[in-house]
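One letter stands for each residue in the lines below.
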Amino acid sequence: MTLHVWGYLPEYEKERDDILDAVDSVFRSGKLVLGPSVKAFEEEFAAYHGVPHCVGVDNGTNAIVLGLRALGIGAGDEVITVSNTAAPTVVAIDAVGATPVFVDVDRDTYLMRVDQVEAAITSRTRCLLPVHLYGQCVDMAPLEAIAAEHGLPILEDCAQAHGARHHGRIAGSMGKAAAFSFYPTKVLGAYGDGGATITVDTEVEERLRRLRYYGMEKVYHVVSTPGYNSRLDEVQAEILRRKLTRLDDYIARRRLIAARYEEAFAGTDLVTPKTAPGNDHVYYVYVVRHPKRDEVIAALKARDIALNISYPWPVHTQSGFAHLGYAKGSLPVTEEVADQIFSLPMFPSLSDVEQEHVIDTLRDVLAKV
Ligand SMILES: *Cc1c(COP(=O)(O)O)cnc(C)c1O
């Protein structure tokens, strides 16, 4: 049995009729760009989060870019975030001309150390950008207190946290705005690229709608520059509408898989994920830690199980971000965990048989390293 980290094909086999019907309905609607499916998805996705506004965009990176721009963030501004994230979080901050400022992460949850944020604030700080990484939320109450005290907006990066909850509040409803990705692997994934920015603020919503549409206020009249063509596609929107009705089922299946892993590796020296108090984890990735990570991965690969690392290189150590000036050692926990973490197969269509195969093989490997 060859096992890959993720593939959409098993899910497509199960949902094929519905997906093809979604595609056909768009093709037959006579409207391929910014039509009824995008509008309906925006309403349904906003309602799912209990927020008034959602603007569909072309991917998660641009959901952050447009979110930052709509909050007025640009050249010379500093945005506080983490280096243990998918690089696009930081790519987006850089793309609007702002400077990312990193705090370290917690050794147990791998999430933003909110207690380090205050010390990172300068006269140029304009935004706090927590990343709800791997499927659980950053500790929001102290972050919200800092934001209120310093008058800073919070933009949540929810690309990995669709449906996650924090003391009962859903991810994306806690900041002034929140960015989502619908990249195919995500907890809510399209059949291609997609993204959305949701917000509680009507002015932010208006700016988002302009920015994704060349900066135009009405057709052929540009009011905001630089503008973008950053629209969510009708076909992806219609597929996302169908899949949104199944999102809670996908999450339930992810939780069952996580519970089985947790049980199977209890008592081994594999460190399984810890859920912070008040969090309902959605397990976008199931991140484990082992001091001999590379040996474990090599042994599994020899037995046809390919595993991913999310993420092997902290953003501040990547050569494209050398200009930020972070020396090696400047974010010690981020750097330490990056050498030890890896991810076990986690997606709703992973079968019980496949999961047991992963568990048996990994337990065997762990007994030998
Ligand atoms: C996937 C992801 C993004 C970027 O989304 P794309 O749709 O791939 O552009 C941004 N932030 C995080 C945390 C992500 O996981």
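Each value, and the rule that gives it
Residues numbered from 1 in each chain as written. Predicted model: local features only at pLDDT ≥ 70, side-chain atom pairs only at ≥ 80, totals over all residues. Heavy atoms only, no water. Helix = DSSP H or I, 4+ residues; strand = E, 2+ residues; numbered from the N terminus. Buried < 20%, exposed > 50% of the residue type's maximum accessible area, 1.4 Å probe, protein only. UniProt positions renumbered as here; feature names shortened; annotations may be inferred. Contact = heavy atoms within 4.5 Å. Pairing = 2+ DSSP bridges. 1 Å grid on protein atoms, 1.4 Å probe; cavity = no way out; pocket = protein on both sides within 12 Å on 5 of 7 lines; lining within 4 Å. Points joined across faces, edges and corners; volume = space filled by probe spheres on them. Domains from an automatic or database assignment. Nonpolar A, V, L, I, M, F, W, Y, C, P; charged D, E, K, R; others polar. Phe/Tyr/Trp six-rings, centres within 6.5 Å; stacked < 30°, edge-to-face > 60°.

1. Examining unusual backbone geometry
Along the chain, Thr-225 connects to Pro-226 via a cis peptide bond; the corresponding omega equals -10°. On the secondary structure map, Pro-226 appears in the loop between strand S11 (221-222) and helix H8 (234-244). For the bond running from Ser-310 to Tyr-311, omega is 10°, close enough to zero to count as cis. Positionally, Tyr-311 belongs in the loop between helix H10 (293-302) and helix H11 (332-338). For Tyr-110, which is not glycine, the phi torsion reads 65° and is therefore positive. Along the polypeptide, Tyr-110 turns up in the loop between strand S3 (99-103) and helix H5 (117-120). Since its relative accessible area comes to 3%, Tyr-110 is described here as buried. Backbone geometry places Tyr-134, a non-glycine residue, at a positive phi of 70°.

2. Considerations on the UniProt feature "modified residue: N6-(pyridoxal phosphate)lysine" (unreviewed entry) in the protein chain
Per the UniProt annotation, the sites labelled "modified residue: N6-(pyridoxal phosphate)lysine" (unreviewed entry) are Lys-186. If we skip the residues at most four places from it in the chain, Lys-186 touches Ala-159, His-162, Ser-181, Arg-254 and Tyr-284.

3. Focus on the sheet that holds strand S6 (residues 165-166)
Within the open sheet, the three strands sit side by side as S7-S6-S12. Their pairing is antiparallel. Lying at the two open borders of the sheet, with one neighbouring strand each, are strand S7 (169-170) and strand S12 (279-280). Alignment of S6 against S7, held across two bridges, turns out to be antiparallel. Bridging from a neighbouring strand, His-166 pairs with Arg-169 of S7.

4. Overview of the UniProt feature "active site" (unreviewed entry) in the protein chain
Under the local residue numbering, the UniProt record ascribes the feature "active site" (unreviewed entry) to Lys-186. Topologically, Lys-186 is positioned in the loop between strand S8 (177-181) and strand S9 (195-199).

5. Describing the layout of surface pockets
As a volume, the largest pocket reaches approximately 600 Å³. Around the largest pocket, the lining comprises 32 residues; the ones closest to its centre are Tyr-183, Thr-185, Lys-186, Tyr-284 and Tyr-311. Elements with a contribution of two residues or more to the lining of the largest pocket: helix H3 (60-70), helix H4 (87-95), S8 and strand S14 (341-344). Inspection of the lining of the largest pocket shows a minimum of three residues originating in each of domain 1 (8-103 + 111-244) and domain 2 (247-366). As a volume, the second largest pocket reaches approximately 220 Å³. Considering only residue class, the lining of the second largest pocket consists of seven nonpolar, four polar and four charged. There are two domains that each give the lining of the second largest pocket at least three residues, and those are domain 1 (8-103 + 111-244) and domain 2 (247-366).

6. Details of the packing of aromatic side chains
Across all of its chains, the model carries 12 aromatic pairs by this definition. Centroid distance Phe-41 to Phe-182: 5.5 Å. Interplanar angle 85°. Geometry classified as edge-to-face. Highlighted residues: Phe-41 in helix H2 (residues 36-49) and Phe-182 in the loop between S8 and S9, separated in sequence by 141 residues. Owing to a relative accessible area of 0%, Phe-41 belongs among the buried residues under this scheme. The class for Phe-182 is buried, based on a relative accessible area of 0%. Ring plane angle 85° and centroid distance 4.9 Å describe the contact between Phe-45 and Phe-180, whose orientation is recorded as edge-to-face.

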